[in-house]
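Examining the three-dimensional arrangement
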Amino acid sequence: MSTNSLSNLLVYFAIFLSAFNIILFSITLSQSKKQSRVSNIAMALTWLIGTFLAVALILRAVAAQRAPMGNMYEFAVASATAIIFAFLFISIKKDISWLGIFIIVPVIILLGLAVIVLYTESGPLVPALKSSWLLIHVSSAIISYGAFTINFALSILYLLRVKGKLKSLPSPDRIDEFSYKVVLFAFPIWTFAVISGAIWAESAWGRYWGWDPKETWAFITWIIYAAYLHSRVTVGWKGTKAAWVSIFGYAAIVFNFFVINIWVTGLHSYAGV
Amino acid sequence: MKKQISAKQRTETPLPPLDFAGFLRWTWRQLTSMNTALLLLLLVALAAIPGSLLPQRTASILKVNNWKNENPSLAQIFDNLSLFDVYGSFWFSAIYILLMISLIGCVIPRLKVYWQSFNEQPQSPPIKIERFEGYRKIQLTNTSLNKIEAELKNSGWRINREGNGLTAEKGYAREAGNLVFHASMIFLTIALALGALFSYRGTVIVKEGNGFANTLTQYDDFRAGKLFNIESMPNFFFTLNDFVVEFERSINQTGSPRKFEADITLNGKDDLMVLVNKPFNVAGTKIYLTGHGYAPRVEILNQKQEIVYSDSITFLPQDGNFTSTGVIKIPDEKPQLGIKASFLPTANIDPMNGPISTFPALDNPQLFMTLWQGDLGVNEGIAQSIYRLDTTKMTELGIEELKPGETWKTEQGMEIKFLGVEQFASFQVAYEPGRFLALIGATLAMLGMFFGLGIQRRKIWVLMPKVQNGPSVIEIAGLAKSDSHDINKDIDKVLQKLGIIKIEKKGNRSI
């Protein structure tokens, strides 16, 4: 079996395990007891999923002899991996298995789209991507996407909790605080992704900022999350409205990834999508 | 619920006083309030959207014109609203200028407060510190307030000692970081604006074997900032000796570009290789390789067998497989002649869409032409695109497809020869003096953000009431300015340093 098909197989395994994990995480949600056996198994399974995805990416990198960030398929798998690991790293310090289902569902959707719609065979890079900035720019974008996904899940949960649903979960205030801390982590990395992108654009296209559709949406995302950080300290915005602002921020990320990459042509359009 | 809140807010907002100065003050206060800043932020995000969905003049005038031709009913309205130049439009500028003013109005007073805070002592402890977070009352045998004060000072707390109590404050770098971040955003915006005023940028298409000299007339498209002095453009010229392009041939990602290389000679003496991510620099002006395409060479003989046209024409690529379109105009013939053509490097016939290129390399090059005769409309004095043929006053004479070396003998007795295919490369020439300032601004913003978001402003109070007999007692509590910080951690750390408590690894893992 080639390294490439082994990589694909691992991604399929990860999807399969994630689907199974949905069941486990939903059981954890319905149980009032915190440290249940089921949640331990679910977390262990999540580590396995993370490992599978990480190895799949490494194999892909080995197969193509470059960073696995050259097309949308690789970018989607890398983002799913980042979401899983963001969740896992937080879970070392805090018990957040209740968040699991809200993490695993976006991961399945992302991996499913990657495998069905975005799949591209591993291959060399197009000339425009041959730069050491690829790893720096794209990996910082992926890491912040991972964290923003967690923030998105928490914002949805916050809104549900405020409405009086899911009573077994932590209080709305605690979810809000947690959600804020995730953005505190993600926002500087996203800022770095945008700046490194500008530096790369300067060396590749002759301008550091040109309002290319992808750049524009990166800017929109940045502005919305900046607004989120401000909204948390503004009377009348804190809470529900702030949560909505962060949901809009995530909508901008999703729009940028799927709609702009696929339907709008700009300088970020590359062969193999 | 929502309605109630907004109604309440409305009644709370004071009405503007009637005199002019009062009105200005009121406007200023509204503009610099956090609420306004938030709305302006969201408004900037919203206003940026149309520019990403509609073609923009700054990116491609050609695409704007195409869009306008396809949507004639909306074109004028959209144009009036500057929707094809969103980021240079008055309304986009208005929003971000307001945002900048709001930012300045926010930074300056805070700068003053921050400056003053260095000369002020932390406030004295509150009377009832037991009401605050992390409150503890601890019996001690051998410690004194002096010792505690020294220990706190050592760990970087600013201290105000008042008799039996002290206030210790920390985290001043948070506000410094915030201020640096916001000031850098203003700086960055100014750098962007200055850059735009003093910069120039042009694109030029150079065919293999041809050259380019850095003068205004040689550019296909040239844009300069209002304060750029054209005479200060550096003198240089280069020749494109060879352009090499390679495409993926395996089934996997077939047709993806794998290599672009432009071999040029600068100023007649230096041989350089220009790659996509590797521009070259002449006196601060950078020259980038941005694209490439095909230039079919065509020779046209009229009925009298005179050569009326002989040149290679740059064709604009339309898709990833380089289906390219181009136009030939012969205004000196009477009646005038025009050819609309598409060039396919690897021609194939698609049952649905007709002829289409299926691979970007020259595997099966074919030229599909439509010959027109009549009035080109070039004499009306209106600037015309060299890539567009206006056929409204022309009649079609025929269509033909040619392979290199073939000749089309038209019914009218003309001869159109497809001699071969050359390549062209497109270059972007850019001088952007503001880029270094912008980088400094962005770096400072990043740095400020780390401090502003990472550090927490917090204080701790320690009281040590005088006791006549028996063991002494300290009371300790604290307060963090932002609620996401747990002051207990700081209190624990202080007590641990004093040797009063030992901290085990906490088992508390809930959020």
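Per-chain numbering applies: the sequence of each chain, read as written, is numbered from 1 onward. Labels are handed out in written order, letters beginning with A for the chains and numbers beginning with 1 for the ligands. Whole-chain, interface and lining totals are the exception, using all residues; otherwise, since this is a predicted model, local features are given only for residues with pLDDT of at least 70 and side-chain atom pairs are given and counted only at 80 or more.

1. Concerning the overall build of chain B
Rules: Segments assigned H or I by DSSP are reported as helices when at least four residues long, segments assigned E as strands when at least two residues long, and all are numbered from the N terminus. Atoms considered for the radius of gyration are the C-alpha atoms alone. The globule rule reads 2.2 Å times the number of residues to the power 0.38. Neighbour density around each residue's C-beta defines its exposure: 20 or more other C-beta atoms within 10 Å make it buried, 12 or fewer make it exposed, and counts between make it partly exposed, where C-beta atoms are placed from the backbone. The contact rule is simple: place each C-beta atom from the backbone, and if two of them lie within 7 Å, those residues are in contact.
A count of helical and extended segments in chain B gives 10 helices and 23 strands. Relative to the compact-globule value of 24 Å for 511 residues, chain B shows a C-alpha radius of gyration of 36 Å, a clear excess of over 25%. Going through the 511 residues of chain B one by one, you find that 29% of them count as buried. Within chain B, contacts between residues separated by at least 24 positions form 62% of all contacts whose residues are at least 6 apart in sequence.

2. Overview of the overall build of chain A
A count of helical and extended segments in chain A gives 8 helices and 0 strands. Starting at the N terminus, the α and β elements of chain A follow one another as α-α-α-α-α-α-α-α. Relative to the globule expectation of 19 Å for 273 residues, the C-alpha radius of gyration of chain A, 19 Å, shows essentially globular dimensions. Counting only C-alpha atoms, chain A reaches 55 × 50 × 30 Å along its principal axes. Across the 273 residues that make up chain A, the buried fraction comes to 52%. A sequence separation of at least 24 residues applies to 78% of the contacts in chain A between residues at least 6 apart.

3. Quick notes on the domain arrangement of chain B
Keep this limit in mind: Segmentation into domains, and thus their bounds, comes from an automatic or database assignment.
For chain B, the assigned domains are domain 1 (32-114), domain 2 (121-171 + 456-497) and domain 3 (200-431). Taking the mean C-alpha position of each, domain 2 of chain B and domain 3 of chain B sit 76 Å from one another.

4. With respect to the pairing of strand E3 (residues 165-170) of chain B
All names here are of chain B. Rules: What makes two strands pair is DSSP finding at least two bridges between them.
Counted residue by residue, E3 has 6 buried out of 6 residues, so it is predominantly covered. A two-sided burial pattern is seen for E3, the buried positions comprising Gly 165, Thr 167 and Glu 169 on one face and Leu 166, Ala 168 and Lys 170 on the other. In terms of strand pairing, strand E2 (residues 158-162) meets E3 through 5 bridges, oriented antiparallel. Across the sheet, Asn 160 pairs through a bridge with Thr 167, a residue of E3. Hairpin connection from E2 to E3: 2 residues lie between these consecutive antiparallel strands, with Gly 163 at a positive phi of about 60°. Taken together, the 6 bridges between E3 and strand E22 (residues 458-463) define a ladder with antiparallel strand orientation. Each bridged residue has a counterpart across the sheet, and for Ala 168 the counterpart in E22 is Ile 460.

5. Comments concerning the nonpolar core
In plain terms, the rule: Buried Ala, Val, Leu, Ile, Met, Phe, Trp, Tyr and Cys residues form a nonpolar core when they are connected through C-beta atoms within 7 Å.
With 159 residues, the main nonpolar core has Leu 53 and Val 77 of chain A together with Leu 41 of chain B as its most contacted residues. Element by element, the count of residues in this core is highest for helix H6 (residues 172-205) of chain A, at 15 residues. Among all residues touching Leu 41 of chain B, those that are not within four sequence positions of it are Ile 223, Ala 226, Ala 227 and His 230 of chain A together with Leu 99 of chain B. Counting residues in hydrophobic clusters, the runner-up holds 16 residues, among them Leu 166, Ala 168, Met 464 and Ile 474 of chain B.

6. Re the domain arrangement of chain A
Residue and element names in this part refer to chain A. The condition is simple: Each residue gets one of three labels, nonpolar for Ala, Val, Leu, Ile, Met, Phe, Trp, Tyr, Cys and Pro, charged for Asp, Glu, Lys and Arg, and polar for the others, Gly among them.
In terms of domain boundaries, chain A breaks down into domain 1 (1-124) and domain 2 (127-273). Between domain 1 and domain 2, the C-alpha centre-to-centre distance is 20 Å. Each partner contributes to the interface: domain 1 provides 22 residues, whereas domain 2 provides 21 residues. Sorting the residues of the side of domain 1 that touches domain 2 by element identifies helix H3 (72-93) and helix H4 (100-116) as the ones contributing at least two each. Counting residues per element, the side of domain 1 that touches domain 2 draws most heavily on H3, which supplies 9 residues. For the side of domain 1 that touches domain 2, the class distribution of residues is 17 nonpolar, 5 polar and no charged.

7. Here's the deal with the environment of Leu 157 of chain A
All names here are of chain A. For Leu 157, the location among the structural elements is in helix H5 (residues 133-162). By the C-beta count within 10 Å, which is 23 here, Leu 157 ends up buried. Separated by 24 residues in sequence, Leu 157 and Trp 133 have C-alpha atoms that sit 36 Å apart. Discounting chain neighbours no more than four positions away, the residues touching Leu 157 are Phe 102, Leu 166, Leu 169 and Ile 175.

8. Here's the deal with the packing of helix H1 (residues 3-30) of chain A against H4 of chain A
All names here are of chain A. Stated formally: Fitted lines through C-alpha atoms serve as axes, helices being fitted only where they are in contact, and the angles separating the N-to-C directions of these axes extend from 0 to 180 degrees. What sets the label is the angle itself: under 35 degrees gives roughly parallel, over 145 gives roughly antiparallel, 65 to 115 gives roughly perpendicular, and the rest give oblique. Left-handed describes a crossing in which the near helix is turned anticlockwise from the far one by less than a right angle; the clockwise case is right-handed.
The contact between H1 and H4 brings their axes to 9 Å, and the two run at 155°. Looking at the two axes, H1 sits roughly antiparallel to H4. The interaxial crossing formed by H1 with H4 has left-handed handedness. Contact with H1, carried on its side by Val 11, Ala 14, Ile 15, Ser 18, Ala 19, Asn 21, Ile 22, Phe 25, Ser 26, Thr 28 and Leu 29, involves Gly 100, Ile 101, Ile 104, Val 105, Val 107, Ile 108, Leu 111, Gly 112 and Val 115 of H4 and no other residues of that element. Broken down by class, the residue content of the contact of H1 with H4 amounts to 14 nonpolar, 6 polar and no charged.

9. Considering the confidence of the model for chain B
Residues and elements named next belong to chain B. The condition is simple: For every residue, the predictor assigns a confidence score, pLDDT, that lies between 0 and 100.
When the pLDDT values of chain B are averaged, the result is 84; 92% of them are 70 or greater. Element-level pLDDT for chain B is lowest in helix H1 (residues 2-12), with a mean of 43, against a maximum mean of 93 in helix H9 (residues 435-454). Here residues 1-11 is modelled with pLDDT under 50, and outside its nearest four sequence neighbours on either side it reaches 2 contacts, counting other chains as well.

10. Some remarks on the interface of chain A and chain B
Tallying the contact residues gives 51 residues for chain A and 51 residues for chain B. Those elements giving two or more residues to the side of chain A that touches chain B turn out to be H6 and helix H7 (213-231) of chain A. Among the elements that take part in the side of chain A that touches chain B, H6 of chain A stands out by supplying 15 residues, more than any other.

11. A few points about the sheet that holds strand E14 (residues 324-330) of chain B
All names here are of chain B. Pairing is antiparallel in the open sheet, where 5 strands are placed in the order E13-E14-E15-E18-E19. Edge positions in the sheet fall to strand E13 (316-317) and strand E19 (394-402), since each has one partner strand and no second. Note that strand E18 (residues 366-374) and E19 share 8 bridges and pair antiparallel. When the bridges of E19 are listed, Trp 372 appears paired with Glu 396.

12. Digging into unusual backbone geometry
Excluding glycine, most residues fall at negative phi; most peptide bonds, likewise, are trans. Residue and element names in this part refer to chain B. In the segment running from Lys 334 into Pro 335, the intervening peptide bond is cis, with an omega of -10°. Residue position: Pro 335 is located in the loop between E14 and strand E15 (336-344). Notably, Asn 267 is not glycine yet its phi reads approximately 50°, a positive angle. Along the chain, Asn 267 turns up in the loop between strand E8 (257-266) and strand E9 (270-274).

13. Here we look at the sheet that holds strand E5 (residues 211-213) of chain B
Residue and element names in this part refer to chain B. The 4 strands lie next to each other as E5-E7-E8-E9, forming an open sheet whose pairing is antiparallel. Strand pairing shows two members of the sheet lacking a second neighbour, E5 and E9, which therefore form its edges. Pairwise comparison of adjacent strand axes, ignoring direction, gives a mean angle of 25° for this sheet. Summarising the sheet, E5 and strand E7 (residues 237-247) pair through 3 bridges and their orientation is antiparallel. Its bridge partner being in E7, Phe 212 is matched across the sheet by Phe 238.

14. Details of the packing of H5 of chain A against H6 of chain A
Residue and element names in this part refer to chain A. Look at H5 against H6: their axes get within 8 Å of each other, and the N-to-C directions meet at 155°. As judged from the angle between their axes, H5 and H6 are roughly antiparallel. The two elements H5 and H6 meet at a crossing, and its hand is left-handed. In terms of residue class, the contact of H5 with H6 is made up of 24 nonpolar, 8 polar and 2 charged.

15. Topic: the pairing of strand E17 (residues 354-357) of chain B
Residues and elements named next belong to chain B. Here strand E16 (residues 347-350) pairs with E17 via 4 bridges, running antiparallel. In the strand pairing of E17, Ile 349 is matched with Pro 355. Between the end of E16 and the start of E17, which pair antiparallel, lie 3 residues.

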